[in-house]
Every structure is written in C-alpha cells, then in structure tokens.
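Here are the chains, one letter per residue:
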Amino acid sequence: MAAPSPNLLAKGLPILTPTALNPHAPVGKWILGTSSLVCAMVHIGGVTRLTKSGLSMTDWKPLGSRPPITNDEWLEEFERYKQFPEWQQRQSMSLDEFKYIYFWEWGHRMAGRFVGLVFGGGWLYFTWLHRPKLQLDAGSSLALPKNVTSAIPPGYQGRLALLFGMGGFQGLVGWWMVKSGLGQDRMGDRREIRVSPYRLTAHLGMAVSTYSLLLWTGLNVLSFPVDKYVLKSVAGDAAKVGTKTVSYLQEYARSLTPSALTHARRTRLGVLSTVGLTGLTILSGGFVAGNDAGCAYNTYPLMDGELIPWGDLVDPQVQPAWRNLFETTAAVQFNHRVLGTTTALSALGVAAYGLAKGQARSVTPQVRRGLLALGTAATGQMSLGIATLLNYVPLHLAASHQLGSLVVLTCGIYSAHSLRYAGHGVIAKVGSRAVSSLVSGGGGVGSAQKSTVAVSRVINNVKI
C-alpha cells in the first residue's frame, strides 16, 4: 500500500479516496456521483414547476418513451393535452410553446430514469464484477483485512437495496403528484390548475431524503477504513482499549480531553438540529411552491405592513382549520419565513460555537471546513430567498434558491458526518476512563491526558 503523510491523524479523520488506501473508494465515488445526479434532478424538477410544465405529459410509462418528432406526432400530443383541465386556462398557447413545456417535463422524467440506470448498473457492477486489488504493506498502521473480496463494504447491500427502492418509489410518487392536476373533476375550476401541494411536497421530500441518504452513505464508504479497520501500534500489535482493538475513529475520540469532547458533542447536536431545521424549511418551501405563495406579500421583513399578518393567516372557508397552515397563502409564506430565518440563525450560531477561539482541539480540519461552509451557505441562502421574494419570484432566482437549500443541507450533513467521533455510539465503544467518566458526568482529566500522550505516540508513527 502507498504511504502518505506520517501524520495522518493530525489531519483529522480524512475522507480516503485513493484505492491504495481504501479498497471501497470506487463505491463511495459512485454513490456520491449518484447523489450529485439526484441533486441535478431536484433542480430540473424545480425549473419544470416554475415554467408550469409539469402537466404537459398526460400519461406515464415506467420505461419512458421518446418525444414526438414529426409535426403530426406533435399535433397528436397537443390534442391529447387539450383534453385535460389545464388547457382551459391556457388556450392561447401555441404549438411551439407547448413543445417548450413538454420538453421540460419529458427531460425531467428521463433524467430520473437515467439516475436509476446509473445506480442500478453500478450496484450490479460492484456486486458481481468489480474486485478490489489490494497491495498490502506489512508496515501499514491500518490493518486491512486480507480477505476483502468486494468493493462494497460489509453490511452495505441492504442500504443499497433501500436506496434503489426509494428511487423507484420516487417515480410512482411523481406520477401520483401529476395525476392530482389531471383529474376531470378540475374541469371548470376557476382557480389556477396545479398539482396538489401535499403531493408536490411529498415528491420533493422523497427526493431530498434519497439525496441525503446517498450523501451520508457515500461519505461513510469513503471513511470506512478510518472508522472500521483496526489501528496497529508501532510494534505491530493492534492498538487496544482494554481487550478490544480500536479504529482510527475510536482512537481519535479517545485522544480528546473531557472538555474538548463535551464541546464536540454540543457542536454535533447543534449541527444535527440545523440539518433537521433545513429539512423542515425545504418541506415548507414545497408548500410555498405548491400554492404559488411566493407571488404575494413581496416585501421583507413585513407582510402587507405587518410583521405577522394576523387577519390573513386563517381563511374561514378552508375547513378543517388546520389546512390553513398548508393552503392559505399568508400562513404558508409566513411559516417558510420563520423556518428559513431560524435555520440561518441556527447555522450561524453552531458555526460560531464550533469555531470559537480556544476550542481548536475539539474539532478536526474537516469539521472546521464544514462549519464555515454551513454558516456561509445558510447566510447566502437566506439572502437569496429574500431577493427572490422582493423580485416577484423570477425563474433564475427561484431555481437558484431551491438549489441553495440543497447546498445548505449538504454542508450540514458533511459537518455532522465529520463530527461522528463525538457520537454516543463511538464514545461508548472506546472504553477510556476519561470518556466513561465524561459520559457519566464525572471528570477524568488525568486519564484523558495519559490517553492523549499514548495516542500521540501512535500518531507520530502512523504510516499507511
């Protein structure tokens, strides 16, 4: 195996992309590549909605179909579109305008099938064809198993099956959403024909969930040797805590003092809370999009001259009353404003706390980069949202704002993953007296200092 810097642990808990260091790296890169395609899919879906193209295709075929090519085929497709409710409100549309919205919807659907092909094909390839080629080095400080026969890490086949199922189910959810705008019961509806905001949000939420799980899984695979494989001491014996062998991840947690570990754990809790808020804000954005709620109250921070537009939050005609939270324009937009602002403040707060002066020992370089990116992205996303609102939701700003939400989510997930050494599961396994006393609320500083000295000896002699 190759031999990088002798101070690998001094670099924190790095993502290992070279195959010489990580036999599972090709799988991690493939999964992260698929996640980027899903991100692009969400962006294309956002543009499809903003151009009001989602109802241009009135049927659904699981394997897809080619678009119309000849003029007669286009006229036939256009006549089929005219049989559904949306045409009643868009009768001035020309054939060329129909082609424009049709290609957005067709492209969105075919892009989804392409993502499925990339994921399914890659899964089959890494399961049945690809075999890692290991060049083991007896002097390596990382004890790679000699019987690694698959690039897919042990225990990950179930995760990949889940991801594949989520992708297939997403297609069904998409058609279920489109059908809500095609029903003949909408004929004569004076309100703008659009899909159900509930189904739109479910479709968006499913896509974001799939993206998040792909991202987390890819980062896990690229970190697998650091997290799971045994760390060997200079003498050639496996590093141990009591009678248990430990990995780089566990040894790193064991090297921290109780105060540093406490700071890391609190930072991790703050990051996870921010990720949760980001998810809720994205879902609330789905309801804003589904109700076109961004096209009203185009001032900030006031809404029609009020900080809280009490008189507009509840429409007596909307029953039961709880539906106002998801269907009334004022309530939907107000919810998104509050959640977006709270998310931005949470991101800035956890970034400031995690990067506080004097706490450098508790966070790795990966965490520092993640927190800095999280605070910056959240600030930019809030600014972009305000600009989108003030300018009456232009296409380029609105599409960028939706994409920006995934940037914030990505920074949050990366930061949370980088802080995995402060997770309770890792702390419970290392068995250090200092860590054990920390978990139970005690002190143990002296023990932690001894552990740090021992680990520093290992760090100074790391060779992979």
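As a reminder, the structure under discussion sits directly above these lines.
Below or above, wherever it landed, is the structure these notes cover. It should be emphasised that the depicted structure is a prediction, and the values quoted were computed from it without experimental measurement.

### Observations concerning the overall build of the chain
Here is step 1 of the chain: On a plain count of helices and strands, the chain comes out with 15 helices and 4 strands.
Here is step 2 of the chain: Counting across all 464 residues of the chain, residues that qualify as buried make up 48%.
Here is step 3 of the chain: When contacts within the chain are restricted to residue pairs at least 6 apart in sequence, long-range pairs at least 24 apart make up 78% of them.

### Here's the deal with the pattern of salt bridges
Here is step 1 of the chain: A full pass over the atoms with the stated rule returns 10 salt bridges.
Here is step 2 of the chain: The partner of Glu73 in a salt bridge is Arg66, and the shortest N-O contact between them spans 2.9 Å.
Here is step 3 of the chain: Take Glu73: its relative accessible area is 26%, and that puts it in the partly exposed class.
Here is step 4 of the chain: Among the ionic pairs, Arg90 bridges to Glu86, the shortest N-O distance being 3.3 Å.
Here is step 5 of the chain: Salt bridges sharing common partners tie together Glu76, Glu77 and Arg80.

### What to know about the nonpolar core
Here is step 1 of the chain: Core analysis: the largest hydrophobic core is formed by 62 residues, its most contacted members being Val27, Trp30, Leu160, Leu409 and Tyr421.
Here is step 2 of the chain: Broken down by element, the residue count for this core peaks at 8 residues, all from helix α5 (residues 197-222).
Here is step 3 of the chain: Other than its neighbours up to four places away in sequence, Leu160 contacts Trp30, Ile31, Phe119, Trp123 and Ile152.

### A short note on the side chain of Thr274
Here is step 1 of the chain: By the element assignment, Thr274 lies in helix α8 (residues 258-290).
Here is step 2 of the chain: One polar contact links Thr274 to Ser346, side chain to side chain, over a distance of 2.6 Å.
Here is step 3 of the chain: Those residues in contact with Thr274 that lie beyond four places of it in its chain are Thr343, Ser346, Ala347, Val350 and Leu374.

### Things to note about a nonpolar patch on the surface
Here is step 1 of the chain: Where nonpolar side chains cluster on the molecular surface, the patch consists of Leu124, Tyr125, Trp128 and Leu129 and spans about 510 Å² of accessible area.
Here is step 2 of the chain: Within the secondary structure layout, Tyr125 lies in helix α3 (residues 95-129).

### Topic: the side chain of Thr217
Here is step 1 of the chain: Its place among the elements puts Thr217 in helix α5.
Here is step 2 of the chain: Among the polar contacts listed, one links the side chain of Thr217 to the backbone oxygen of Leu213, at a separation of 2.7 Å.
Here is step 3 of the chain: Beyond its immediate sequence surroundings of up to four residues, Thr217 is in contact with Ile31, Tyr156, Arg159 and Leu163.

### Focus on α8
Here is step 1 of the chain: Helix length check: α8, at 33 residues, gives a terminal C-alpha distance of 48 Å against a target of 48 Å (1.5 Å per residue), a fit within 8%.
Here is step 2 of the chain: After α8 finishes, the residue Asp292 shows a positive phi value of roughly 50°.

### Quick look at helix α7 (residues 248-255)
Here is step 1 of the chain: Along α7, 8 of the 8 residues are buried, which leaves the element largely enclosed by surrounding structure.
Here is step 2 of the chain: Three or more residues of α7 are buried, namely Tyr248, Leu249, Gln250, Glu251, Tyr252, Ala253, Arg254 and Ser255.

Parameters at a glance
- Residues numbered from 1 in each chain as written.
- Predicted model: local features only at pLDDT ≥ 70, side-chain atom pairs only at ≥ 80, totals over all residues.
- Heavy atoms only, no water.
- Helix = DSSP H or I, 4+ residues; strand = E, 2+ residues; numbered from the N terminus.
- Buried < 20%, exposed > 50% of the residue type's maximum accessible area, 1.4 Å probe, protein only.
- Contact = heavy atoms within 4.5 Å.
- Salt bridge = Lys/Arg side-chain N within 4 Å of Asp/Glu carboxyl O.
- Core = buried A, V, L, I, M, F, W, Y, C linked by side-chain atoms within 4.5 Å.
- Polar contact = N/O pair within 3.5 Å; in protein donor to acceptor, adjacent residues only side chain to side chain.
- Patch = residues over 30% accessible without salt bridge, like charges linked within 9 Å, V, L, I, M, F, W, Y side chains within 5 Å.
- Areas by Shrake-Rupley, 256 points an atom, 1.4 Å probe, with all protein chains shown as cover.
- Expected span 1.5 Å × (residues − 1).

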